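Understanding the architecture of this molecule
One-letter residues, chain by chain:
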Amino acid sequence: MVCIAFLVWSSSSFESCIARSGRRHWRRHDGDNGLSASLSKKKPKSHGSSSHHHHNGGPSKKAPPSAPAKAPNSPAPSSKPPKHVPVASPAPPTPAPLKDSLTFNVLDFGATGDGKCDDTKAFQAAWAAACKVERSVMLVPEKYQFLVGPISFSGPYCQKGITFQVDGTIVAPMNSNAWGKGLLQWLEFSKLVEITIQGKGTIDGSGSVWWQDNPYVEPDNLAPQIIPLDNSTLLQKHPPPLQTELSSKMPSTKPTAVRFYGSLNATVTGITIQNSPQCHLKFDNCIGVMVHHIRVSSPGDSPNTDGVHLQNSRDVLIHSSTLGCGDDCISIQTGCTNVYIHDVNCGPGHGISIGSLGRYNTRACVSNITVKNVNMHNTMTGVRIKTWQGGSGSVSGIMFSDIQLTEVQFPIVIDQFYCDKSTCKNQSSAVSVSGINYQRIKGTYTVKPVHFACSDNLPCIDISLTSIELKPLQEKYHLYDPFCWATYGELNTPTTPPIECLQIGKPTSNRPQTDHDTC
């Protein structure tokens, strides 16, 4: 009898999702073309759902099932980096009206927005309609929670200038059946031109179900140096979430929450991305990227949950955002050039990293990177460059300036012996590192202020340090002096502590640059 009752309940719940979806579908009509008369800038800005016209349907009259917390408004961001001041918590830009755009509300395509019924097909239908209209808006309205499975919002035949307006909450399924054998991303935006994700809503990756079986282990060779004063172990287990039939046995491949691929002039602003199974926001093979006034949030011990991950992308601007995660707040991988990062709060996490580069004997090229006016609190590393033995290519033209650190374990790191396992093969080849400038990096450290570990065969050269003031804070760990190996450059001012291990000038045996390390 219990089984029969359960089946009857499940059937009625399933029919309820279908019924609600059907009613909303038949509520649509073709009499309203939904053209907004408001004018503003070229690209549509953030806006509330209450003032929209809706394509193929009127505004929803159904009472919303939930009301996620709203983020406060703030003034629109400045295009120029301000002077070094403490970074305020970011907020989305002030809402502005649409310009000559059609709005496609997911509620008008069958979405229920109750957080329980699968709204993936409604999102697909809304996107298919918005894709055909230049400067259209696909609206995820506020006060609703949408359960959405893996989905691709793809070009290349979509019109340019589409805005994906997130004012409500989008949540990933915790049912392993939704993910098959494992996918690399959850929400993908591919081969689009002038695509914008904006709003005051939240994208929630439901990451806890993916992390539960992963012990927390520092993922590289800095870990052995983090020795607690009481000699206790650093290994921690994630407290497992409530186990259910739907949340068991997730695939071993963990998806990125939001991924852009092969897109031109992509913008992300205003939203919160939280609890991603892996990276929160990734840009791959993109040109012209702007990220500002966003918030990334996941626990400090959530594994491999980078905040913003850049790969093979150029002309990137990231500013006025707060990033807290279990890995790099910002990760800059091979193929990136012309990247400017400023006015960012980072922590918890592993700081801002270039790399890791050169794994599996590959060529890696990174150049012209500026990181400025950044606050880091309670991170493992501050500003870091990490490369694998055996790689080739180069890292050059890097500026780290005006970095304020609070309780950071390793504030300044160059590591050409990066290894994310217990042992790695010794190899003579390396990614070359040159032209790295550190200016006005100040604050407190808890393990080691400077760690420069460079290759014997290809030393780090032209390392410049100016106004470095790092003070020890011995609360949890044993402390170390600055460390340098095969590192050459100059000290433009006295440093605190003294970095006497840096070798002044260039190595006498410095070989000329070859095709091996040019990009």
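Residues numbered from 1 in each chain as written. Predicted model: local features only at pLDDT ≥ 70, side-chain atom pairs only at ≥ 80, totals over all residues. Heavy atoms only, no water.

**Details of the state of the cysteines**
Taken as a whole and assessed by the stated rule, the structure comprises 6 disulfides. Across a sulfur-sulfur distance of 2.0 Å, C365 and C519 are joined as a disulfide pair. Taking the torsion about the sulfur-sulfur bond, which here is approximately -90 degrees, the covalent link between C365 and C519 counts as left-handed. In this pair, C365 is assigned in strand β22 (residues 363-377) and C519 in the segment after β31 (503-504), connecting sequence segments 154 residues apart. Paired through a disulfide, C454 and C460 show a sulfur-sulfur distance of 2.0 Å. (Disulfide = S-S within 2.5 Å. Helix = DSSP H or I, 4+ residues; strand = E, 2+ residues; numbered from the N terminus.)

**Here we look at the nonpolar core**
Ranked by size, the top nonpolar core spans 102 residues in total, and within it F123, F260, F283 and Y438 carry the most contacts. Among residues more than four places away in sequence, those in contact with F260 are F189, I195, I197, A266, V268, L281, K282, F283, D284 and C286. Core analysis: the next-biggest nonpolar cluster, separate from the first, contains 7 residues, I226, V413, V447 and Y477 among them. (Core = buried A, V, L, I, M, F, W, Y, C linked by side-chain atoms within 4.5 Å. Buried < 20%, exposed > 50% of the residue type's maximum accessible area, 1.4 Å probe, protein only. Contact = heavy atoms within 4.5 Å.)

**Observations concerning the UniProt feature "active site" (unreviewed entry) in the chain**
UniProt annotation of "active site" (unreviewed entry) refers to H350 when read in the numbering used here. Turning to its location among the elements, H350 is positioned in the loop between β20 (336-346) and β21 (352-357). Classification of H350 as buried rests on a relative accessible area of 3%. (UniProt positions renumbered as here; feature names shortened; annotations may be inferred.)

**Digging into the sheet that holds strand β27 (residues 450-453)**
Two strands in a sheet stick together by hydrogen bonds in their backbones, pointing the same way (parallel) or opposite ways (antiparallel). The parallel open sheet is built from 11 strands, whose spatial order is β5-β8-β11-β14-β17-β19-β21-β23-β25-β27-β29. A strand with exactly one partner marks an edge of an open sheet, and here the two such strands are β5 (151-154) and β29 (483-485). Mean inter-strand twist for the sheet, computed between neighbouring axes without regard to direction, equals 15 degrees. The pairing of β5 with strand β8 (residues 185-190) spans 4 bridges and is parallel. Directly across from S154, in β8, lies its bridge partner S190. (Pairing = 2+ DSSP bridges. Axes fitted to C-alpha atoms, helices over the stretch in contact; angles between N-to-C directions.)

**Considerations on the pairing of strand β23 (residues 381-387)**
Among the 7 residues of β23, 7 are classified as buried, and the element is accordingly described as predominantly covered. In the sheet, β21 pairs with β23 via 4 bridges, with the strands oriented parallel. Counted as the bridge partner of I352 is V383 from β23. Of the strand pairs in this sheet, β23 and strand β25 (residues 410-415) are connected by 5 bridges, and their pairing is parallel. Paired with R384 across the two strands is V413, which belongs to β25.

**So, the side chain of D167**
Along the chain, the position of D167 falls in the loop between β6 (163-166) and β7 (169-171). K200 provides the closest opposite charge to the buried, unpaired D167, separated from it by 5.4 Å. Separated by 3.2 Å, the side chains of D167 and Q165 make a polar contact. (Lys, Arg positive; Asp, Glu negative; His and termini not counted. Salt bridge = Lys/Arg side-chain N within 4 Å of Asp/Glu carboxyl O. Polar contact = N/O pair within 3.5 Å; in protein donor to acceptor, adjacent residues only side chain to side chain.)

**Thoughts on the side chain of Q389**
Within the secondary structure layout, Q389 lies in the loop between β23 and β24 (392-408). For Q389, a relative accessible area of 13% corresponds to the buried category. One polar contact links the side chain of Q389 to the main-chain amide nitrogen of Q427, over a distance of 2.9 Å. Q389 has contacts with G358, N361, Q416, F417, K425, N426, Q427 and S429, leaving out every residue within four places of it along the chain.

**With respect to the environment of V289**
Secondary-structure assignment places V289 in strand β15 (residues 287-292). Between the alpha carbons of V289 and R314 there is a distance of 7.6 Å; along the sequence they are 25 residues apart. Each residue touching V289, except ones within four places of it in the same chain, is listed here: A266, F283, R314, D315, V316 and L317.

**Some remarks on the packing of aromatic side chains**
Taken as a whole, this structure holds 13 aromatic pairs when the rule is applied. With a centroid separation of 5.1 Å and 55 degrees between ring planes, the pair formed by F153 and F164 is classed as tilted. Of this pair, F153 sits in strand β5 while F164 sits in strand β6, and the two are 11 residues apart along the sequence. Looking at F164, the relative accessible area reads 0%, which means it is buried. An angle of 80 degrees between the planes, with centres 5.3 Å apart, marks the rings of W179 and W210 as edge-to-face. (Phe/Tyr/Trp six-rings, centres within 6.5 Å; stacked < 30°, edge-to-face > 60°.)

**Details of the pattern of salt bridges**
Inspection of the entire model under this criterion finds 11 salt bridges. Across the salt bridge formed by E188 and R259, the nearest N and O atoms sit 2.9 Å from each other. Within this pair, whereas E188 is found in strand β8, its partner R259 is found in strand β11 (residues 256-261), the two being separated by 71 residues in sequence. A relative accessible area of 13% means that E188 is categorised as buried. With a shortest N-O distance of 3.9 Å, D462 and K506 are connected by a salt bridge. With D462 in strand β28 (residues 460-472) and K506 in the segment after β31, this residue pair connects regions lying 44 residues apart in the sequence. Residue D462 is classed as partly exposed on the basis of its relative accessible area of 37%.

**A look at unusual backbone geometry**
Cis geometry is adopted by the peptide bond preceding P156, which originates at G155 and carries an omega value of 5 degrees. Of note, P156 is situated in the loop between β5 and β6. With an omega of -5 degrees, the peptide bond running from T496 to P497 counts as cis. Within the element layout of this structure, P497 appears in the loop between β30 (487-491) and β31. At N304, a residue that is not glycine, the phi angle is positive and equals roughly 60 degrees. Even without glycine at this site, N312 takes up a positive phi of about 50 degrees. Along the chain, N312 turns up in the loop between β17 (308-311) and β18 (314-324). Since its relative accessible area comes to 30%, N312 is described here as partly exposed.

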